[in-house]
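The chain contents come next:
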Amino acid sequence: MGIQEIKTILKNASIEELRILIPQFEADERTGVLKLLESARKRVEAFEAEVLRTNAMKEYERKYEKCRYICGIDEVGRGPLAGPVVAAAVVLPKDTDIYYLNDSKQLSEKKREQLYEEIMEKAVAVGIGFADEQCIDEINILQADYVAMRKAVSELTVTPDILLNDAVIIPEVDIMQESIIKGDTKSVSIAAASIVAKVTRDRFMVEMDKKYPGYDFAGNKGYGSARHIQALKEIGPCDIHRRTFIRKFIS
């Protein structure tokens, strides 16, 4: 078999297939084949490390394994000058593994989008909550976070037995909760919520870029980039700007 053919086979193989294929090619002493096998072994080793990492991120899910529905909650959008804060509540099935879950900020946009689709396909339930710029200006960002989180929980099609939250306890929610510092790196449920919230908000801000051109919302997602701040000074604020966040940039 030619080296290029072997390369194609190994490249298109799943991890389970690689475990079978690698021993079959080990007798081939050609330098090109040896390099391909080394690369394949690294793929397998990297995936095995990811399995261990994912299992470690189920510590809190194991803690509450007797609960029927475990819900992870996270939000995005505390810092931007424009747009809503968005929260997601995600209930994952206990018998399904979704690999590469992490704090959404640690993932590339492409990976977030891929994981978002997988989460939405496999989740038992997903709830999304928005708190817009007017709400943020009226009651402050922390209270707006809570509003968005409560909305997200209310949108679920099941009632959770436990809420795993990223570093907060949500007031006015009659469900058991646990606050986990840096929870989006310690719980698969919270990490899934982080990704869903991030992708949802990013997509919303891309749409707002079409409605309010000039601020580069598609690029900065409402955060205070140099281009955004310059546009604020030259154009002035638009409807979705947080007035309490932009005072120092406008006269």
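This write-up is about the structure you can find in this document. Please read all numbers here as calculations on a predicted model, not as lab measurements.

About the cut-offs
Residues numbered from 1 in each chain as written. Predicted model: local features only at pLDDT ≥ 70, side-chain atom pairs only at ≥ 80, totals over all residues. Heavy atoms only, no water. Pairing = 2+ DSSP bridges. Helix = DSSP H or I, 4+ residues; strand = E, 2+ residues; numbered from the N terminus. Axes fitted to C-alpha atoms, helices over the stretch in contact; angles between N-to-C directions. Buried < 20%, exposed > 50% of the residue type's maximum accessible area, 1.4 Å probe, protein only. Salt bridge = Lys/Arg side-chain N within 4 Å of Asp/Glu carboxyl O. Phe/Tyr/Trp six-rings, centres within 6.5 Å; stacked < 30°, edge-to-face > 60°. Polar contact = N/O pair within 3.5 Å; in protein donor to acceptor, adjacent residues only side chain to side chain. Expected span 1.5 Å × (residues − 1). Contact = heavy atoms within 4.5 Å. Disulfide = S-S within 2.5 Å.

A look at the sheet that holds strand β3 (residues 125–131)
The strand order across the open sheet built from 5 strands is β3-β2-β1-β4-β5, with neighbouring strands paired in mixed fashion. The sheet is open, and its two borders are formed by β3 and β5 (176–180), each paired with just one other strand. Neighbour-to-neighbour, the strand axes of this sheet turn through a mean angle of 20°, independent of strand direction. With 4 bridges connecting them, strand β1 (residues 70–76) and strand β4 (residues 162–166) associate as parallel partners. Across the sheet, glycine 72 pairs through a bridge with leucine 164, a residue of β4.

Observations regarding the pairing of strand β2 (residues 85–91)
β2 sits mainly inside the fold: 7 of its 7 residues count as buried. Going residue by residue along β2, you find Val85, Ala87, Ala89 and Val91 tucked away on one face and Val86, Ala88 and Val90 tucked away on the opposite face as well. The pairing of β1 with β2 spans 6 bridges and is antiparallel. Counted as the bridge partner of valine 76 is valine 86 from β2. Direction of pairing for β2 relative to β3: antiparallel, over a ladder of 7 bridges. Paired with valine 91 across the bridge in β3 is alanine 125.

Regarding the pattern of salt bridges
Applying the stated criterion to the full structure yields 18 salt bridges. As a salt-bridge pair, arginine 30 and aspartate 28 come within 2.6 Å of each other at their nearest N and O atoms. One salt-bridge network, held together by shared partners, links Glu16, Arg19 and Glu48.

A short note on the packing of aromatic side chains
The way to describe two aromatic rings as a pair is by their centre distance and the angle between their planes. For the coordinates displayed, the defined rule picks out 3 aromatic pairs. Plain terms: the ring middles of phenylalanine 47 and tyrosine 99 are 5.1 Å apart, the flat faces sit at 70° to each other, and that makes the pair edge-to-face. Residue phenylalanine 47 is found in helix α3 (residues 31–56), and its partner tyrosine 99 is found in the loop between β2 and α5 (109–122); the two are separated by 52 residues along the sequence. Residue phenylalanine 47 is classed as buried on the basis of its relative accessible area, which comes to 18%. Ring centres of tyrosine 215 and phenylalanine 217 lie 5.2 Å apart, and the angle between their planes is 15°; on these two criteria the pair is classed as stacked. Among the residues examined, tyrosine 215 registers a relative accessible area of 3% and is labelled buried.

Thoughts on the environment of arginine 242
Structurally, arginine 242 is set in the segment after α10 (226–235). Taking the relative accessible area as the measure of exposure, arginine 242 reaches 0% and is therefore buried. At 2.6 Å, the side chain of arginine 242 forms a polar contact with the backbone oxygen of glycine 77. At 2.9 Å, the side chain of arginine 242 forms a polar contact with the backbone oxygen of glycine 83.

What to know about helix α7 (residues 141–154)
For α7, spanning 14 residues, the distance from its first C-alpha to its last is 20 Å, which sits close to the expected 20 Å at 1.5 Å a residue. Those residues of α7 lying buried are Ala144, Asp145, Tyr146, Val147, Ala148, Met149, Ala152 and Val153. Taken together, the buried residues of α7 touch β1, β2, β3, α6 (133–139) and β4. One side-chain oxygen of the residue at the start of α7 lies 3.1 Å from the amide nitrogen of leucine 142, identifying that residue as asparagine 140.

Description of the state of the cysteines
Per the stated rule, a full pass over the model turns up 0 disulfides. Of all cysteine sulfurs in the structure, the one in cysteine 238 sits closest to cysteine 135, which takes part in no disulfide; the separation is 17 Å. Using a relative accessible area of 17% as the deciding quantity, one classes cysteine 135 as buried.

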